[in-house]
Amino acid sequence: MEVTIVGAGLVGCLLACFLARRGHHVTLYERRPDPREQGPDRGRSINLAMSERGIDALRRLGLDGKVLDAALPMAGRVMHAQDGALTFQPYSADRTQAINSIGRAALNRELLDVASALPGVEVRFGHRLTGLDERTGRLEFEHGEVADGARVVIGADGAFSAVRARLQQLPGVSFSQDYLDYGYKELSIPAKDGEFALDPGALHIWPRGRSMMIALPNRDRSFTCTLFWPHETLAALDTPQRISAYFGEHYSDAVELMPGLAADFRANPVGHLVTMRCSPWHVTTEAATVGLVGDAAHAIVPFYGQGANCGFEDCVELDRCLDETGDDFPAALELFERRRADTDVIARLALDNFVEMRDRVGSRVFLAGKRVEHTLERALPGYVSRYELVSFSTTPYSQAERRIARQRRAVAAAAAGAALLALGFAARHGRRGRRSGRPGHENG
Ligand code: FAD
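Residue numbers here run from 1 along each chain, matching the order of that chain's written sequence. Note on the predicted model: pLDDT of at least 70 is required for a residue's local features to be given, and 80 or more for side-chain atom pairs to be given and counted; whole-chain, interface and lining totals, by contrast, use all residues.

As named in an unreviewed UniProt entry, the chain is Kynurenine 3-monooxygenase, taken from Nonomuraea antimicrobica. UniProt positions are given in the numbering used here, feature names are shortened, and annotations may be inferred rather than shown by experiment. We quote the UniProt Catalytic activity (unreviewed entry) comment for the chain here in full: "L-kynurenine + NADPH + O2 + H(+) = 3-hydroxy-L-kynurenine + NADP(+) + H2O". The UniProt entry for the chain carries the following text under Cofactor (unreviewed entry): "FAD".

Trainee: Mind laying out the sheet that holds strand 2 (residues 25-29), listing which residues take part and the relevant values?
Mentor: Between any two strands, pairing holds if DSSP finds at least two bridges. Think of it this way: any DSSP run of H or I at least four residues long counts as a helix, any run of E at least two long counts as a strand, and we number them from the N terminus. Read across the sheet, 6 strands follow the order 8-2-1-12-19-18 without closing on themselves; strand pairing throughout is mixed. Strands at the two margins of the open sheet, each flanked by one partner only, are strand 8 (121-124) and strand 18 (282-284). Averaged over all adjacent pairs, the angle separating strand axes in this sheet is 15°, with direction ignored. The sheet contact formed by strand 1 (residues 2-6) and strand 2 spans 5 bridges and is parallel. Residue pairing across strands places Ile 5 opposite Leu 28, the latter belonging to strand 2. What counts as a contact here is a pair of residues whose C-beta atoms, placed from the backbone, lie within 7 Å. Note on geometry: axes are lines fitted to C-alpha atoms, helical ones only across the stretch in contact, with angles between N-to-C directions running from 0 to 180 degrees. Across the sheet, helix 4 (residues 104-117) touches strand 2 and strand 8, and the angle it forms with strand 8 is around 130°.

Trainee: How would you explain unusual backbone geometry if you had to name every residue and give the values?
Mentor: In this structure, Pro 280 follows Ser 279 across a cis peptide bond, with omega equal to -5°. Checked against the element boundaries, Pro 280 lands in the loop between strand 17 (271-279) and strand 18. A positive phi angle, near 70°, is found at His 143, a position not held by glycine. If you trace the backbone, His 143 turns up in the loop between strand 10 (138-141) and strand 11 (146-147). Even without glycine at this site, Asp 193 takes up a positive phi of about 50°. You can call Asp 193 exposed: it has 6 C-beta atoms within 10 Å. Note on burial: count the other C-beta atoms lying within 10 Å of the residue's C-beta; 20 or more is buried, 12 or fewer is exposed, in between is partly exposed, and C-beta positions come from the backbone.

Structure, rendered in structure tokens:
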């Protein structure tokens, strides 16, 4: 089958590999020039935390080793308090599990290399989709180019998908987008005397209540920092003096590691944080089937580190749907709609995790709660934290949520049982005490 994928980002490239393996011919249309021939976008490097879902998808194609070789494992979070105190919180009870810091652009280049080397895959750069007619399978691109008669079109063109924009115009297609009042901006902590300036085995967080900064390590021994701040705070720091003063007050231990702070802050763009929902993700006409995957189908905020992981898992799931339907794309895309139950869950968890990261991780009560959770994991066979289920397993997100709810009920019931036992014990002990008191009294 001839398949057209719009968008040669992370998910488009990986999907092309899965489809080529099934023997399909894939044409990838990408609006940008070939990123392997370009320099990096300033302030848009984005490090990803790659975890089990993404790795599992890569493993199925034999790509996990190469990707992980280029990544840096982070076994936990280091919290930087305002007074400079550091607290390490491991991601897993046994401290062996890690998420992996990897540059998005490098990963994209790697996947492009792999995809474009496969027989049956062609990548056309400089092709921005501007129009799509699902009734005929006609695609229109910037500069007037046209491709006619596409039978299967998959939009992997990101959060602001042009393919989805067409689907949104059709009756029966629901769509919502929710922006946070926050923007993100990248900064950098360069290597210090040729070494990492912070522990490279952790993700660093500066939780500051309403806002936060995080830093992930890079192989060149620098860290990419990302501010997640209310838009008004980002806009208010409009002079080098204000920038230095603000960072000196709120990020005092980091500011001395950021020699380019004021220049980077002023030069680097502000990104937006958005959750996109669309239903259904596909439309089939007599001429063509058009579907969506990755951020085009379900862009989420980055606070669980799952956007790309979830998009990679889409590829695995669509591959499974093709298995189940004998490569009947309309039927497979219909089956693939069941995945919305999972993507809705991770969209919600990602929003909830923002509050945890920017605020709660700094509190003693939260850290004590995490220690209790890890103790439960070690003590109770089968008890797994939500973070571990999301990041270190491929349990579908919705099943993971059901399991967490069951575990909480079981722990609450056990706690209530233990409390009742303790009350019973106290009552018996009390009675015995009174009984034993009486003879004493009598004796006395
Ligand atoms: P994209 O990566 O957006 O790729 C879409 C591609 O389509 C691009 O190449 C684009 O040029 C192309 N395109 C767009 N429009 C057109 C058009 N009209 N015609 C042709 N081509 C087009 N995810 C994680 O898993 N872990 C993390 O730690 C993490 N951290 C993040 C931090 C930040 C600050 C942000 C913003 C995101 C983060 N993500 C993370 C999310 C992750 O980056 C995305 O989920 C992922 O890039 C989605 O991949 P995609 O291929 O669906 O979309």
